[in-house]
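The lines below spell out each chain.
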Amino acid sequence: MSKTLIRGAKVLGGEPQDVLITDGTVTAVGTDLTVSGAEGATVVEAAGQILLPGLVDLHTHLREPGREDSETVLTGTKAAAVGGFTAVHAMANTFPVADTAGVVEQVWRLGKESGYCDVQPVGAVTVGLEGKKLAELGAMHESAAGVRVFSDDGKCVDDAVIMRRALEYVKAFDGVIAQHAQEPRLTEGAQMNEGIVSAELGLAGWPAVAEESVIARDVLLAAHVGSRVHICHLSTAGSVEIVRWAKSKGWNVTAEVTPHHLLLTDELVRSYNPVYKVNPPLRTEADVLALREALADGTIDCVATDHAPHPHEDKDCEWGAAAMGMVGLETALSVVQHTMVDTGLLDWAGVADRMSFRPAEIGRLKGHGRPVSPGEPANLTLLDPAYRGPVDPAGFASRSRNTPYEGRELPGRVTHTFLRGRATVVDGKLA
């Protein structure tokens, strides 16, 4: 019998408590558990630290199979564990695309073998992400991977008929279509957010309406079909208003925001540093503030990293040729603390809701996003909120280093991560 006693942690930011883990399950929560059932336990002194349910990411790119030069399931799940995540959803834009039962099962098995966090594959909506023909949605759901989330992320399902059929198909097994909202004809050749900065820099603009028009269409389609749609990496104030309106109608619409869209703006593009090139692009300060407020009031359901690793050569080049994307698993919780907790917009219970409970519910993920209470799986994250320090990508567990936060001081540090009671991270380092 294995036992771990977490002593003096603030569960969801509340009063200090002790938490006893026995054989992968939380068996007691209270004060002074050292005298009742904790004999022989490994003790983790956690005074001043925040105990959260293990974080769940709805939007991670693990790149395997096909782009192992960027990331692998092993290195990506190590990065996830360091960031406090116990489960991630692996996006389908791999090589080959995860559009069949065979590929999603391969990713699922690689996740099982890695052991650092659970990996739930996301299936492609269309064959080859080409937007022309529905992929094997039913077969992927019935596979060992049990896929419930489907997305062509990286590309938009821009054909309204295909989108409608996908929503109809997944309704039968309570699946969800996660849409990358980007009207391709409005963003052809786009390099950054369309606005004052793009005009001054002479870079092709990426208008907000390219995102908002697709979201408007898809919430209407979801309502018509009576199915679930999830909006990936929402980035504009206008998108917030559309989702808020759809939810006021009682429609089954959810949305996510990335940490980088909660903090960074298009002003950073003036440096022409390709580390700031991302899809959707960094927007304006007004958009950032609207996203924070929407996450706080629940219009945006959750934070998702859109962890997008790239090898050095794909980012260390001129802006126009650079790949889009940023790594985010290892810094997500710190950015959320900085933008939402330290600003008073969310408390730690709210962080648990937006980064664990809600993403697990949207993905219908079993065993994750559960309360820290007796009888629940011990998928847990310990955070030292008082920590302050610069981000050093040289120490990342991820295979890639394309972080926009290099050298920036951020608060908070994950000290321990537990996957079903087994410590995957101890004192901030992989176990």
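Refer to the structure printed above.
A brief look at the structure comes next. (Residues numbered from 1 in each chain as written. Predicted model: local features only at pLDDT ≥ 70, side-chain atom pairs only at ≥ 80, totals over all residues. Heavy atoms only, no water.)

This part takes up the sheet that holds strand 15 (residues 302-303). On the basis of which strands lie adjacent, the open sheet formed by five strands has the order 9-10-13-14-15 and parallel pairing. Only two strands of the sheet have a single partner each, and these edge strands are strand 9 (149-150) and strand 15. Sheet topology places strand 13 (residues 228-231) next to strand 14 (residues 253-257); three bridges connect them, and they run parallel. For His-230, the partnering residue across the bridge sits in strand 14 and is Thr-254. Taken strand by strand, helix 4 (residues 160-171) contacts strand 9, strand 10 (176-179) and strand 13, and its axis lies near 145 degrees from that of strand 10. (Pairing = 2+ DSSP bridges. Helix = DSSP H or I, 4+ residues; strand = E, 2+ residues; numbered from the N terminus. Contact = heavy atoms within 4.5 Å. Axes fitted to C-alpha atoms, helices over the stretch in contact; angles between N-to-C directions.)

Extensive coverage of helix 1 (residues 73-82) is indicated by the burial of eight of its ten residues. Where helix 1 is concerned, the buried positions are Val-73, Thr-75, Gly-76, Thr-77, Ala-79, Ala-80, Ala-81 and Val-82. Of the surrounding elements, those touching the buried residues of helix 1 are strand 7 (85-90), helix 2 (101-114), strand 8 (118-121), strand 17 (409-419), strand 18 (422-426) and strand 19 (429-430). Positioned one or two residues after helix 1, Gly-84 has a phi angle of 95 degrees, which is positive. (Buried < 20%, exposed > 50% of the residue type's maximum accessible area, 1.4 Å probe, protein only.)

Summed over the entire model, instances satisfying the criterion amount to two aromatic pairs. Their ring planes at 85 degrees and their centres at 5.0 Å tell us that Trp-245 and Trp-251 sit as a pair that is edge-to-face. Its end group placed over the ring of Tyr-387, Arg-413 keeps NZ or CZ at 6.0 Å from the ring centre. (Phe/Tyr/Trp six-rings, centres within 6.5 Å; stacked < 30°, edge-to-face > 60°. Lys NZ or Arg CZ within 6 Å of the ring centre and 35° of its normal.)

The next subject is the sheet that holds strand 8. An order of 6-7-8 is seen for the three strands of this open sheet, with the pairing classed as parallel. Because the sheet does not close on itself, it has two edges, and the strands there are strand 6 (55-60) and strand 8. Here the average twist between neighbouring strands, direction ignored, is 20 degrees. Two strands pair when backbone bridges link them, and strand 6 and strand 7 are joined in this way by four bridges, in the parallel orientation.

The N-to-C vectors of helix 7 (residues 237-248) and helix 9 (residues 285-297) enclose an angle of 25 degrees; their axes lie 8 Å apart at closest approach. Taken together, the axes of helix 7 and helix 9 lie roughly parallel to each other. Of the residues in helix 9, those touching helix 7 at Ala-237, Val-240 and Arg-244 are Asp-287, Ala-290, Leu-291, Ala-294 and Asp-297. (Parallel < 35°, antiparallel > 145°, perpendicular 65-115°, else oblique.)

Spanning 13 residues, helix 9 covers 19 Å between terminal C-alpha atoms, matching the ideal 18 Å at 1.5 Å per step. Against the buried residues of helix 9 lie helix 7, strand 14, helix 8 (259-263), strand 15, helix 11 (332-341) and helix 12 (348-362). Gly-298 sits one or two residues past helix 9 and shows a positive phi near 90 degrees. (Expected span 1.5 Å × (residues − 1).)

Here we take up the pattern of salt bridges. Applying the stated criterion across every chain yields a total of 22 salt bridges. Lys-247 is paired through a salt bridge with Asp-301; the nearest N and O atoms lie 2.7 Å apart. On the criterion of sequence distance, the pair formed by Lys-247 in helix 7 and Asp-301 in the loop between helix 9 and strand 15 is long-range, its members being 54 residues apart. One salt bridge connects Arg-358 with Asp-301, and the closest N-O pair in it is separated by 3.2 Å. Separated by 57 residues along the polypeptide, Arg-358 in helix 12 and Asp-301 in the loop between helix 9 and strand 15 bring together distant segments of the chain. Salt bridges sharing partners connect three or more residues here, namely Lys-247, Asp-301, Asp-353, Arg-354 and Arg-358. (Salt bridge = Lys/Arg side-chain N within 4 Å of Asp/Glu carboxyl O.)

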